[in-house]
Number of protein chains: 2
Amino acid sequence: MKLYELAPTPSARRVSIFLAEKGIVIPRVNVDIRSGENLNPEFKAKSINGRIPLLELDDGNYLCESVAICRYLEEIHPSETSLFGNNPLERAKVEMWQRIIELQGLMVGFQAFRNLTGIYKDRENCIEAWGAESRQRVIDFLPTLDQQLAQSSYVAGDNFTIADITAYVFISFIKNLDILVDDSLPHIQAWFATMAQRPAIVSLNPKN
Amino acid sequence: MKLYELAPTPSARRVSIFLAEKGIVIPRVNVDIRSGENLNPEFKAKSINGRIPLLELDDGNYLCESVAICRYLEEIHPSETSLFGNNPLERAKVEMWQRIIELQGLMVGFQAFRNLTGIYKDRENCIEAWGAESRQRVIDFLPTLDQQLAQSSYVAGDNFTIADITAYVFISFIKNLDILVDDSLPHIQAWFATMAQRPAIVSLNPKN
């Protein structure tokens, strides 16, 4: 098994934190997407959508999409407590929060960043006004997450799950948009401080 | 159990087709999102993100997000063949394709439609240039799906799964963007014709 990634990107970090939480070690291959290494025919033959992270299986199958990769690894390395939830209702709540944070948070943040900075303008049209609108939507979404974290210790309930990983990567990412989690969002602040102390996350963050 | 929805919307149709495929009947409540009925405090107390579809459980729990609702219903009504896949690799491929079609297809199509038509301009800022860019990205994505359907009978492999439901709703939706699945996309055409004949889908489409 082999994981193609660019370690500092948010999508790669989602998988890296998941692996560290589960204690799974997989050989990694760095793909420099910023220089367009993912656009060459060799990589495109492996990755359906030309994106990272990409998991190469020993039987020659390839999986893209970070959540699909994590779900597969959870199933082949089951733990006593699953990061996807432990019964139908828990699993549904993990899926619900995972999607809410992705679709109203993380993906919106990506669109803000890409359209405002033009980081990939060599390969996509950027619409600055959409970047600004997306940034505002991220700000408008944060109280929904704060409210949830006022009611439960973790994003999807009483247990740490993949939804916390997604939310942690999202909240870490928005500093790139100059969005501050200030005192108006006390529950995100408290939860984020707890997250940052988890050994899996400490092991990935540069010490300084 | 009770399902809050607006039947003709794409997200409600995803759940409706899923229910029809599984033969599950649940009482429905219509919520007129176009007039903003989902924005009133009564509905917002039930739905975390103020959106439909929303599943009310008998114990007072609520689930939003169509895929979370479907996953829950699959688990409490297990069939011999799961619409989410039958082993770790199948389940990962369903998740992968489901996400590729959502994130590069359906959601992009929604952004095109909302920003071009201004259908919800009473409650969101619309950026027409982003609508046009999104429409183009939908067109650019279609060959990826066509190529996959050249290799397998269904979107995620040899079996009909929830990824086919998502793709069917996506391909049905893009006619609203004046995007035609023409002869340059023969595998989508053939697959779509097969989908349209499934009893679950026939039962939901208006006869004319």
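In the nomenclature of an unreviewed UniProt entry, chain A corresponds to Glutathione S-transferase Gst from the organism Shewanella oneidensis.

Enquirer: Any details on the interface of chain A and chain B? Residues and values, ideally.
Expert: With 42 residues of chain A in contact, the opposing surface of chain B contributes 42 residues. Our count for the contact surface shared by chain A and chain B stands at 10 salt bridges. When the shortest N-O distance is used, the salt bridge between Arg-99 of chain B and Glu-102 of chain A registers 2.7 Å. Applying the counting criterion to the chain A and chain B interface returns 17 residue pairs in polar contact (both at pLDDT 80 or more). Counting only elements with at least two residues in the side of chain A that touches chain B, the list comes to strand 4 (62–64), helix 3 (66–76), helix 4 (88–117) and helix 5 (128–151) of chain A. The element that contributes the greatest number of residues to the side of chain A that touches chain B is helix 4 of chain A, accounting for 16 residues. Along the lines of polarity and charge, the residues of the side of chain A that touches chain B split into 20 nonpolar, 8 polar and 14 charged.

Enquirer: Could you give an account of the sheet that holds strand 1 (residues 2–5) of chain A, with specific residues and numbers?
Expert: All names here are of chain A. Strand order in this open sheet of 4 strands is 2-1-3-4, and the pairing throughout is mixed. A single partner strand is all that each edge strand has here, and the edge strands are strand 2 (28–30) and strand 4. Mean inter-strand twist for the sheet, computed between neighbouring axes without regard to direction, equals 20°. As paired elements, strand 3 (residues 54–56) and strand 4 share 3 bridges and run antiparallel to each other. Bridging across to strand 4, Leu-54 finds its partner in Cys-64. Docked against the sheet, helix 3 engages strand 1, strand 3 and strand 4, running at close to 125° with respect to strand 4.

Enquirer: Tell me what's going on with the domain arrangement of chain A, and back it up with residues and numbers.
Expert: Residue and element names in this part refer to chain A. One can read the domain layout of chain A as domain 1 (2–76) and domain 2 (88–203). Centre-to-centre, using C-alpha coordinates, domain 1 lies 21 Å away from domain 2. With 17 residues of domain 1 at the contact, the number on the domain 2 side is 21 residues. Regarding the contact of domain 1 and domain 2, the summed buried area is about 1,500 Å², with carbon and sulfur atoms giving 63% of it. It is Arg-14, Ile-17 and Glu-21 in domain 1 that bury the most area against domain 2; as a group they hold 41% of the surface buried on that side. Taken together, domain 1 and domain 2 are joined by 3 salt bridges. Linking domain 1 with domain 2 are 6 residue pairs in polar contact (both at pLDDT 80 or more), by the criterion used here. When residues of the side of domain 1 that touches domain 2 are traced back to their parent elements, those giving at least two are helix 1 (10–22) and helix 3.

Enquirer: Give me the lowdown on the side chain of Gln-148 of chain A, citing residues and values where you can.
Expert: All names here are of chain A. Among the secondary structure elements, Gln-148 is positioned in helix 5. Among the residues examined, Gln-148 registers a relative accessible area of 12% and is labelled buried. Residues contacting Gln-148, with those up to four places away along its chain left out, are Trp-97, Tyr-154, Val-155, Ala-156 and Gly-157.

Enquirer: Residue-level account of the pattern of salt bridges, with values.
Expert: Taken as a whole and assessed by the stated rule, the structure comprises 26 salt bridges over all chains. Residue Arg-99 of chain A pairs with Glu-65 of chain B through a salt bridge whose shortest N-O separation is 3.1 Å. Placement of Arg-99 of chain A in helix 4 and of Glu-65 of chain B in the loop between strand 4 (62–64) and helix 3 (66–76) is noted, with the two residues assigned to different chains. Ionic contacts of the salt-bridge type, sharing partners, join the residues Arg-14, Glu-65 and Glu-102 of chain A together with Arg-99 of chain B into one network.

Enquirer: Can you tell me about the sheet that holds strand 1 (residues 2–5) of chain B, naming the residues and giving the values?
Expert: Residues and elements named next belong to chain B. Reading across from one edge, 2-1-3-4 is the order of the 4 strands in this open sheet, with mixed pairing throughout. Where the open sheet ends on each side, the last strands, each with one partner, are strand 2 (28–30) and strand 4. Averaged over all adjacent pairs, the angle separating strand axes in this sheet is 20°, with direction ignored. Here strand 1 runs beside strand 2; their pairing, made up of 3 bridges, is parallel. Note on strand 2: the bridge partner recorded for Glu-5 is Asn-30. Helix 1 (residues 10–22) rests against strand 1 and strand 2 of the sheet, and its axis sits at about 145° to strand 1.

The rules we used
- Residues numbered from 1 in each chain as written.
- Chains lettered and ligands numbered in written order.
- Predicted model: local features only at pLDDT ≥ 70, side-chain atom pairs only at ≥ 80, totals over all residues.
- Heavy atoms only, no water.
- Contact = heavy atoms within 4.5 Å.
- Salt bridge = Lys/Arg side-chain N within 4 Å of Asp/Glu carboxyl O.
- Polar contact = N/O pair within 3.5 Å; in protein donor to acceptor, adjacent residues only side chain to side chain.
- Helix = DSSP H or I, 4+ residues; strand = E, 2+ residues; numbered from the N terminus.
- Nonpolar A, V, L, I, M, F, W, Y, C, P; charged D, E, K, R; others polar.
- Pairing = 2+ DSSP bridges.
- Axes fitted to C-alpha atoms, helices over the stretch in contact; angles between N-to-C directions.
- Domains from an automatic or database assignment.
- Buried area = accessible area lost by both parts, 1.4 Å probe.
- Buried < 20%, exposed > 50% of the residue type's maximum accessible area, 1.4 Å probe, protein only.

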